[in-house]
Amino acid sequence: MISANAASFAATEDGGGGFQLFVGPGCAGRVSPAGLLGSWLIALFDPSREAALQGEAVAHLANLREGRQESCPARLNAALTRWYVMPVRYRGAEGQGTPVTLTTLISEHYGGERREDADHVERFYFTRELGSTRWERWQNLAGSRNFSAAQLARMSSDFAASGRCSKAATPEGAAFIMIDCREWTLIVPPDDPKGDRPGFFLDAVRSRHIADELFAAPGSR
């Protein structure tokens, strides 16, 4: 979601947690579109400035899973967020030619208020050409709540052996190791020669409970 000076994630869905909403400091009482703004922060920006996006801030948010998405929570969690722009070299899929370097907005979401003792880091890559282009999950080797050091070492080794993503610089702070990554640089033609209908993915989002109220189509009210 885009507000006057911020871009942020408002929802996600995965096999373990189902459809989830992210709410921020504007959430009060019943969950509303305003309560989703500025939650899982991607970047802050000043439209009047021409300088490249760069900075950091502590976001405050809560993750609402299915069954508790009607009301705002009593407390929010802190997440240090760092964003910057740099050229990144992306691998081409088989038959797609040589790797290409694209100007990339990188956003790092720390699982905690301080980078030195954050539980984990999720790093997101955005490019003008491909949109959301890459995602990484890094875990604190010395202080992760859900994994032992032995589990993390095994996960990191298994991931490295998969060859699924190229290497990346380690996030600043604790002793982080990468345990997962996705890179979306394989481009396939749409079923319709005219291209996919704009916003087709939003239909799936709006089909979820309460989401039709929060992500209403323009002009639907």
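For the structure itself, look to the data block above.
Summary of the structure given here. (Residues numbered from 1 in each chain as written. Predicted model: local features only at pLDDT ≥ 70, side-chain atom pairs only at ≥ 80, totals over all residues. Heavy atoms only, no water.)

## Concerning the state of the cysteines
Right, so step 1: Applying the stated criterion across every chain, the model contains two disulfides.
Right, so step 2: Paired by a disulfide, Cys27 and Cys72 hold their sulfur atoms 1.9 Å apart. Its S-S torsion of about -85° marks the bond between Cys27 and Cys72 as left-handed, since a negative value means left-handed. Of this pair, Cys27 sits in the loop between strand S3 (18-23) and helix H1 (33-36) while Cys72 sits in the loop between strand S5 (55-64) and strand S6 (77-90), and the two are 45 residues apart along the sequence.
Right, so step 3: There is a disulfide in this structure between Cys165 and Cys181, and the S-S distance comes to 2.1 Å. The chirality of the disulfide connecting Cys165 with Cys181 is left-handed, given an S-S dihedral of about -85°. (Disulfide = S-S within 2.5 Å. Helix = DSSP H or I, 4+ residues; strand = E, 2+ residues; numbered from the N terminus.)

## A word on the pattern of salt bridges
Right, so step 1: The tally for this structure, following the rule as stated, stands at 16 salt bridges.
Right, so step 2: Of the charged contacts in the structure, one is a salt bridge between Arg114 and Asp117, with a shortest N-O distance of 3.3 Å.
Right, so step 3: Residue classification places Arg114 among the partly exposed positions, given a relative accessible area of 46%.
Right, so step 4: Using a relative accessible area of 48% as the deciding quantity, one classes Asp117 as partly exposed.
Right, so step 5: Arg137 is the salt-bridge partner of Glu122, the closest N and O atoms lying 3.5 Å from each other. One end of the pair, Glu122, is in strand S8 (residues 120-127); the other, Arg137, is in strand S9 (residues 131-140), and 15 residues separate them in sequence. Pair check on accessibility: Glu122 and Arg137 agree, each one buried.
Right, so step 6: Because the salt bridges share partners, they merge into one network encompassing Glu56, Arg82, Glu108, Arg115, Arg123, Arg134, Glu136, Glu172 and Glu183. (Salt bridge = Lys/Arg side-chain N within 4 Å of Asp/Glu carboxyl O. Buried < 20%, exposed > 50% of the residue type's maximum accessible area, 1.4 Å probe, protein only.)

## Quick notes on the layout of surface pockets
Right, so step 1: There is about 1,300 Å³ of room inside the largest pocket.
Right, so step 2: Lining the largest pocket we find 36 residues, and of these Thr12, Asp14, Phe22, Trp40 and Glu122 sit closest to its centre.
Right, so step 3: Classifying every residue of the lining of the largest pocket gives 15 nonpolar, 11 polar and 10 charged.
Right, so step 4: Quantified by volume, the second largest pocket comes out at close to 480 Å³. (1 Å grid on protein atoms, 1.4 Å probe; cavity = no way out; pocket = protein on both sides within 12 Å on 5 of 7 lines; lining within 4 Å. Points joined across faces, edges and corners; volume = space filled by probe spheres on them. Nonpolar A, V, L, I, M, F, W, Y, C, P; charged D, E, K, R; others polar.)

## Considering the environment of Pro171
Right, so step 1: Inspection of the secondary structure puts Pro171 in the loop between helix H2 (149-162) and strand S10 (176-183).
Right, so step 2: Overall, the relative accessible area of 4% leaves Pro171 in the buried class.
Right, so step 3: A C-alpha to C-alpha distance of 8.7 Å links Pro171 and Arg115, two positions 56 residues apart in sequence.
Right, so step 4: Once you skip the residues sitting within four places of it in the chain, Pro171 turns out to touch Tyr110, Val121, Arg123, Trp138 and Phe176. (Contact = heavy atoms within 4.5 Å.)

## Re H2
Right, so step 1: Over its 14 residues, H2 runs 20 Å from end to end, which matches the ideal 20 Å to within 8%, given 1.5 Å per residue.
Right, so step 2: All of the buried residues in H2 are Leu152, Ser156 and Phe159. Taken down its axis, H2 places every buried residue within 65° of arc, on the same side. Facing away from the buried surface of H2 by more than 90 degrees, the exposed residues are Ala150, Asp158 and Ala161.
Right, so step 3: Each element contacted by the buried residues of H2 is listed here: S9 and S10.
Right, so step 4: At the C-terminal side of H2, Gly163 shows a positive phi close to 65°. (Expected span 1.5 Å × (residues − 1). Arc of directions from axis to C-beta.)

## Section: the sheet that holds strand S7 (residues 100-110)
Right, so step 1: With respect to topology, eight strands assemble into an open sheet ordered S2-S3-S5-S6-S7-S8-S9-S10, the strand pairing being antiparallel. Each edge of the open sheet is held by one strand with a lone partner, namely strand S2 (11-14) and S10. Neighbour to neighbour, the strand axes of the sheet diverge by 30° on average, direction disregarded.
Right, so step 2: With respect to the sheet, H2 is in contact with S9 and S10, its orientation differing from that of S10 by roughly 40°. (Pairing = 2+ DSSP bridges. Axes fitted to C-alpha atoms, helices over the stretch in contact; angles between N-to-C directions.)

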